Amino acid sequence: MSDEILTVHVLRAGLAVCGLEGVPALWPDGHRWTAPDVLEDATCRSCLDQLSKEKVFKKPAVPVPQPDLQTESSPDDETKDDPRGSKTDIKLVRSQQEIVARIEYIEGRSIDWAAFEREGLVTHLEFNHAKPYLHDEVTEDNWKPDDQDLYYKMCDYMAFAWEKANGAVEGDGGLSAGRSLSHYSCWLWLAGNEELAESIREYEFYGKPHLRTICEFLGLDADQWDDGERKNG
Ligand SMILES: [Zn+2]
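Computed from a prediction, not measured in an experiment: that's the story for all the values here.

1. Quick look at the overall build of the chain
Link 1 in the chain: Within the chain one finds eight helices and three strands.
Link 2 in the chain: For the chain, the succession of helices and strands along the chain, N to C, is β-β-β-α-α-α-α-α-α-α-α.
Link 3 in the chain: Here the chain, with 233 residues, has 32% of them falling under the buried criterion.
Link 4 in the chain: Considering only contacts in the chain between residues 6 or more positions apart, those separated by 24 or more positions represent 67%.

What follows is the structure in structure tokens.
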């Protein structure tokens, strides 16, 4: 499918860092680019590995966590209602060791969706476990594991995920849809639902059918967000 974004490369001097041939206009379908200062959007492991080798960035897929982890999903959240659905028994059930093993499993597969998932997993580790995945300048003093309630987070992100899926247009919406689903793969696995976490990697219609399934799991009413459109580009 021409509208599906498979890989986001890092562009430097007009070319992909990984050596993908040609300028972006000549790239095959499904390839996009991001600037070196917007590395969090990059999904090409080869580009990221190359930058890593050059010692420009250590482990670029795992940025230093920002004090406010909610900026992406909550532009104006001071006064909003609690987004949680009815299934409040959903919570983080994985041990530190299980999370480390999951990161190694994901890295072993070395495919493009891995970066967002790995980042999400690392944020839940205590410093001694997280250290191998962090920039050198991160210390025990400035590392704070993400201790936000997992169920709250999954519910809170849903409005944003639907906004991106509904607003998706060819050439820019696919990346956001893929990113939303990568986040949910990470969170659903942390919540113990490995089956659902694995089942949402392949998607169509900008992930909307999967978002409905996740809403059901979370006890949220998807109809409040779903615009009913089902197209791929
Ligand atoms: Zn690349």
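Once the structure has been displayed, the description carries forward.
2. Things to note about the sheet that holds strand 2 (residues 15-16)
Sheets are built from strands that pair by backbone hydrogen bonding, the pairs being arranged parallel or antiparallel.
Link 1 in the chain: Read across the open sheet, the three strands follow the order 2-1-3; overall the sheet is mixed. Strands with a single pairing partner mark the edges of an open sheet, and in this sheet they are strand 2 and strand 3 (31-34).
Link 2 in the chain: Bridging between strand 1 (residues 7-12) and strand 2 involves two bridges; their strand directions are antiparallel. Counterpart to R12 in the pairing with strand 2 is L15.

3. Digging into the nonpolar core
Link 1 in the chain: In terms of nonpolar packing, the biggest core is built from 34 residues, with M158, A165, W187 and L218 touching the most fellow members.
Link 2 in the chain: Secondary-structure elements contributing two or more residues to this core are helix 2 (96-109), helix 3 (114-122), helix 5 (150-166), helix 6 (173-190) and helix 8 (208-218).
Link 3 in the chain: Setting aside anything within four residues of it in sequence, one finds L218 in contact with G85, K87, I90, M154 and C155.
Link 4 in the chain: The next biggest cluster of nonpolar side chains, apart from the first, holds 11 residues, and it includes V8, W33, A42 and C44.

4. Brief notes about the environment of E104
Link 1 in the chain: Along the chain, the position of E104 falls in helix 2.
Link 2 in the chain: Look at E104 and you get exposed, because 10 C-beta atoms sit within 10 Å.
Link 3 in the chain: Along the primary structure E104 and R118 are separated by 14 residues, whereas in three dimensions their C-alpha atoms are 9.0 Å apart.

5. As for the environment of A165
Link 1 in the chain: For A165, the location among the structural elements is in helix 5.
Link 2 in the chain: On the basis of neighbour counts, which here come to 24 C-beta atoms within 10 Å, the residue A165 falls in the buried class.
Link 3 in the chain: Considering only alpha carbons, one finds A165 and A177, 12 residues apart in sequence, at a separation of 5.8 Å.
Link 4 in the chain: Residue contacts for A165: discarding those within four places in its chain leaves A177, Y206, G207, K208 and L211.

6. Remarks on the environment of D82
Link 1 in the chain: Within the element layout of this structure, D82 appears in the loop between helix 1 (45-53) and helix 2.
Link 2 in the chain: When the C-alpha positions of D82 and C155 are compared, they lie 9.0 Å apart, and in sequence the two are 73 residues distant.

7. Concerning the packing of helix 5 against helix 8
Link 1 in the chain: The contact between helix 5 and helix 8 brings their axes to 11 Å, and the two run at 160°. Judged by the inter-axis angle, helix 5 sits roughly antiparallel to helix 8. At the point where helix 5 passes helix 8, the crossing takes the left-handed sense. Residue-level contacts link M154, C155, M158, A161, W162 and A165 of helix 5 to K208, L211, C215 and L218 of helix 8.
Link 2 in the chain: Tallied by class, residues from the contact of helix 5 with helix 8 come to nine nonpolar, no polar and one charged.

What counts and what doesn't
Numbering of residues begins from 1 in every chain and follows the order in which that chain's sequence is written. A pLDDT threshold of at least 70 governs which residues receive local features in this predicted model, and a stricter bar of 80 or more applies before side-chain atom pairs are shown or counted, although totals over entire chains, interfaces and linings include all residues. Helix and strand definitions follow DSSP, with helices as H or I runs of at least four residues and strands as E runs of at least two, each counted in order from the N terminus. Counting other C-beta atoms within 10 Å of a residue's own tells you its class, since 20 or more makes it buried, 12 or fewer makes it exposed, and anything in between is partly exposed; those C-beta atoms are placed from the backbone. Note that contacts rest on C-beta atoms placed from the backbone: two residues are in contact if these are within 7 Å. Here, strands pair whenever DSSP counts at least two bridges between them. We call a set of buried Ala, Val, Leu, Ile, Met, Phe, Trp, Tyr and Cys residues a nonpolar core when their C-beta atoms link them within 7 Å. Working convention: axes come from line fits to C-alpha atoms, limited for helices to the stretch in contact. Angles between N-to-C directions cover 0 to 180 degrees. Angles are sorted into four bins: roughly parallel if under 35 degrees, roughly antiparallel if over 145, roughly perpendicular if 65 to 115, and oblique for all others. When the near helix sits turned anticlockwise from the far one by under a right angle, the crossing is termed left-handed; a clockwise turn instead gives a right-handed crossing. Nonpolar residues are Ala, Val, Leu, Ile, Met, Phe, Trp, Tyr, Cys and Pro. Charged residues are Asp, Glu, Lys and Arg, and all others, Gly as well, are polar.

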